[in-house]
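Structure assessment
Residues per chain, in single letters:
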Amino acid sequence: MNTRRILMAMCIVTVVTAALVLSCSKSDSSGGTPPPANTVEIREDMTFAPATLTVKQGTVVTWKNVDPTVDHTATSDDGSTFDTGPISKGGGTATYTANTVGTFPYHCSIHPGMKATLIVTAP
């Protein structure tokens, strides 16, 4: 009977270990793996994430619209630095090569309450 208890304990340990491994390998509720360092996600809660992105001059910045319901834009507040135009809902992307050093507040021209900042530093 002692052998039977040992086998049962080993089975329980195996099942618990497998459950832990599987739970750790699932993606998180924020949408899976984090985006690359030069990518801004436009989320369903009407936010840019991250709200502030700092990149080196010459970096290509990508905005990815993960909002499944509406299009968005990334438009610099000065109106002349960058304007992606509509970025399609559900995974559309737009890019901008950050060639000018400076701090650039921006917004979604469709949803003006969505605001963020792009900071471009010298290489």
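Rules of the game
- Residues numbered from 1 in each chain as written.
- Predicted model: local features only at pLDDT ≥ 70, side-chain atom pairs only at ≥ 80, totals over all residues.
- Heavy atoms only, no water.
- Helix = DSSP H or I, 4+ residues; strand = E, 2+ residues; numbered from the N terminus.
- Buried < 20%, exposed > 50% of the residue type's maximum accessible area, 1.4 Å probe, protein only.
- Contact = heavy atoms within 4.5 Å.
- Areas by Shrake-Rupley, 256 points an atom, 1.4 Å probe, with all protein chains shown as cover.
- Core = buried A, V, L, I, M, F, W, Y, C linked by side-chain atoms within 4.5 Å.
- Pairing = 2+ DSSP bridges.
- Salt bridge = Lys/Arg side-chain N within 4 Å of Asp/Glu carboxyl O.
- Axes fitted to C-alpha atoms, helices over the stretch in contact; angles between N-to-C directions.
- pLDDT = per-residue confidence, 0-100.
- Polar contact = N/O pair within 3.5 Å; in protein donor to acceptor, adjacent residues only side chain to side chain.

**A short note on the overall build of the protein**
Per the secondary structure count, the protein includes 1 helix and 8 strands. Taken from the N to the C terminus, the helices and strands of the protein come in the order α-β-β-β-β-β-β-β-β. Burial statistics for the protein: of 123 residues in total, 28% are counted as buried. If you take every contact in the protein between residues at least 6 apart in sequence, the share linking residues at least 24 apart comes to 53%. Only carbon and sulfur atoms are counted for the fraction: they give 61% of the accessible area of the protein, which is about 7,600 Å².

**Brief notes about the nonpolar core**
Within the largest apolar cluster, 20 residues are counted, with the highest numbers of intra-cluster contacts made by Phe48, Val61, Trp63, Phe82, Tyr106 and Leu118. Going through the elements one at a time, strand S1 (39-43), strand S3 (52-56), strand S4 (59-65), strand S6 (93-98), strand S7 (102-107) and strand S8 (115-121) are the ones with two or more residues in this core. Here Phe82 is in contact with Trp63, Ala74, Thr75, Ser76, Tyr96, Phe104, Tyr106 and Leu118, once residues within four sequence places are set aside.

**A closer look at the sheet that holds S7**
The 4 strands are arranged S3-S8-S7-S5 in an open sheet whose pairing can be described as mixed. Of all strands in the sheet, those bounded by a partner on one side alone are S3 and strand S5 (75-76). Sheet topology places S5 next to S7; 2 bridges connect them, and they run antiparallel. Directly across from Ser76, in S7, lies its bridge partner Tyr106.

**Description of the pattern of salt bridges**
A complete count under the given rule lists 1 salt bridge for this structure. With a shortest N-O distance of 3.2 Å, Arg43 and Glu41 are connected by a salt bridge. For Arg43, a relative accessible area of 29% corresponds to the partly exposed category.

**A closer look at the sheet that holds S1**
The strand order across the open sheet built from 4 strands is S2-S1-S4-S6, with neighbouring strands paired in mixed fashion. Looking along the sheet, the strands with just one partner apiece sit at the ends: strand S2 (47-49) and S6. Along the sheet, successive strands turn relative to each other by an average axial angle of 20 degrees, direction set aside.

**Concerning the confidence of the model for the protein**
One rule of thumb: low pLDDT means the predicted coordinates there are not for detailed reading. Scored by pLDDT, the protein has a mean of 83; 73% of the residues are at 70 or more. Overall, residues 13-30 carries pLDDT values under 50, and its contacts beyond four positions in sequence, including any with other chains, amount to 1 contact.

**Some remarks on the environment of Thr73**
Tracing the sequence through the fold places Thr73 in the loop between S4 and S5. For Thr73 and Pro86, which are 13 residues apart along the polypeptide, the C-alpha to C-alpha distance reads 4.9 Å. Not counting residues up to four positions away in its chain, the partners in contact with Thr73 are Phe48, Asp83, Thr84, Gly85, Pro86, Ile87, His107, Cys108, Ser109 and Ile110. A polar contact is formed between the side chain of Thr73 and the backbone nitrogen of Ser109, at a distance of 2.7 Å.

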